[in-house]
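Close look at the chain arrangement
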Amino acid sequence: MVVTAATGAAPERFNKRQTGGFVDEMRSVAMKLHSKDQSKEGEKETQGKPWPKWEPTIDGYLKFLVDSKLVYDTLDKILVKADFPEYAEFRNTGLERAGNLEKDLNWFKEQGHVIPEPLSPGLDYSVYVEELSKNDPQAFICHFYNTYFAHTAGGRMIGKKVAAKILNGKELEFYKWDGDLSQLLQNVREKLNRVAESWTRDEKNRCLQETEKSFKFNGEILHLIVA
């Protein structure tokens, strides 16, 4: 099945707030990778079945949650290890998702569902981003930005629609944050801009060029919902 999703149906909320720094460039590149039906800024033609016509399943959703948790665990590990000092800037931002996903998977287990093992989309992305983080901090930060920020925008919208279709409207912990989410995002935007101030133009371009790969990996994980 071919479905349209990018990193998750993506609304204008995707990092809409302007900062005047490099984050604006990151957002602009990301928005252009959305299809025209996902955003007025999108430049891609719609291909396949649009999100509203998806038919999610519990089994597929569990695969998506498990692979997502693997990726967020990997991002957390990279930031803690901090092969490059700037990674430490992005610890404990309040955007972390792995702990919330752990709670959700435990809830599904309590309901009698079998929690699957991670599949190739999550495994492949985790391996890729971990290797990338050791040698190319600019490219890694592109993945950090797109993974976390897309989830707060299109990811939340998809989560709400999936909940309505197959979970009787239950809101998972994956879609909850402690504190004011808009302020958490703004704090991270400011950190991203500060880190990017020391980058050369070539380094900034390398970061931007990684956006399409981020969309590809995250899109493959998202498609597990209808697997």
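Okay, so let's go over this structure.

Calculation criteria
- Residues numbered from 1 in each chain as written.
- Predicted model: local features only at pLDDT ≥ 70, side-chain atom pairs only at ≥ 80, totals over all residues.
- Heavy atoms only, no water.
- Axes fitted to C-alpha atoms, helices over the stretch in contact; angles between N-to-C directions.
- Helix = DSSP H or I, 4+ residues; strand = E, 2+ residues; numbered from the N terminus.
- Parallel < 35°, antiparallel > 145°, perpendicular 65-115°, else oblique.
- Left-handed = near helix turned anticlockwise from the far one by under 90°.
- Contact = heavy atoms within 4.5 Å.
- Salt bridge = Lys/Arg side-chain N within 4 Å of Asp/Glu carboxyl O.
- Buried < 20%, exposed > 50% of the residue type's maximum accessible area, 1.4 Å probe, protein only.
- Phe/Tyr/Trp six-rings, centres within 6.5 Å; stacked < 30°, edge-to-face > 60°.
- Lys NZ or Arg CZ within 6 Å of the ring centre and 35° of its normal.

1. Here's the deal with the packing of helix H5 (residues 137–166) against helix H7 (residues 201–209)
Contact pair H5 / H7: the axes reach a minimum separation of 8 Å and the direction vectors enclose 40°. What the angle tells us is that H5 and H7 run oblique. The interaxial crossing formed by H5 with H7 has right-handed handedness. Residues Gln-138, Ala-139 and Cys-142 of H5 form the contact with H7, whose own contacting residues are Glu-203, Arg-206 and Cys-207.

2. Here we look at the environment of His-223
Within the element layout of this structure, His-223 appears in the segment after helix H8 (211–222). Distance in space between the C-alpha atoms of His-223 and Phe-64 is 7.7 Å, their sequence separation being 159 residues.

3. Observations regarding the pattern of salt bridges
The full count for this structure, using the stated rule, is 10 salt bridges. We note a salt bridge from Lys-191 to Glu-89, for which the minimum N-O separation is 3.9 Å. One end of the pair, Lys-191, is in helix H6 (residues 181–196); the other, Glu-89, is in the loop between helix H2 (58–81) and helix H3 (98–110), with 102 residues separating them in the sequence. Relative accessible area serves as the criterion here: at 22%, Lys-191 is assigned to the partly exposed category. On the basis of relative accessibility, which here comes to 34%, the residue Glu-89 falls in the partly exposed class.

4. Here's the deal with the packing of aromatic side chains
Overall, the coordinates contain 14 aromatic pairs when judged by the stated rule. Pairing Tyr-145 with Phe-149 gives two aromatic rings, centres 4.7 Å apart and planes at 35°, and the pair type is tilted. Of this pair, Tyr-145 and Phe-149 both sit in helix H5, separated by four residues, roughly a single helical turn. Grouping residues by exposure puts Tyr-145 and Phe-149 together as buried. Within the aromatic cluster, the residues linked to one another by ring pairs are Tyr-61, Phe-64, Tyr-72, Phe-90, Phe-144, Tyr-148, Phe-174 and Tyr-175. The lysine or arginine in question, Lys-170, covers the ring of Trp-107, its NZ or CZ lying 4.6 Å from the ring centre. Stacked on the ring of Phe-217, the Lys or Arg Lys-216 has its end atom at 5.1 Å from the ring centre.

That's the geometry; what it means functionally is another story.
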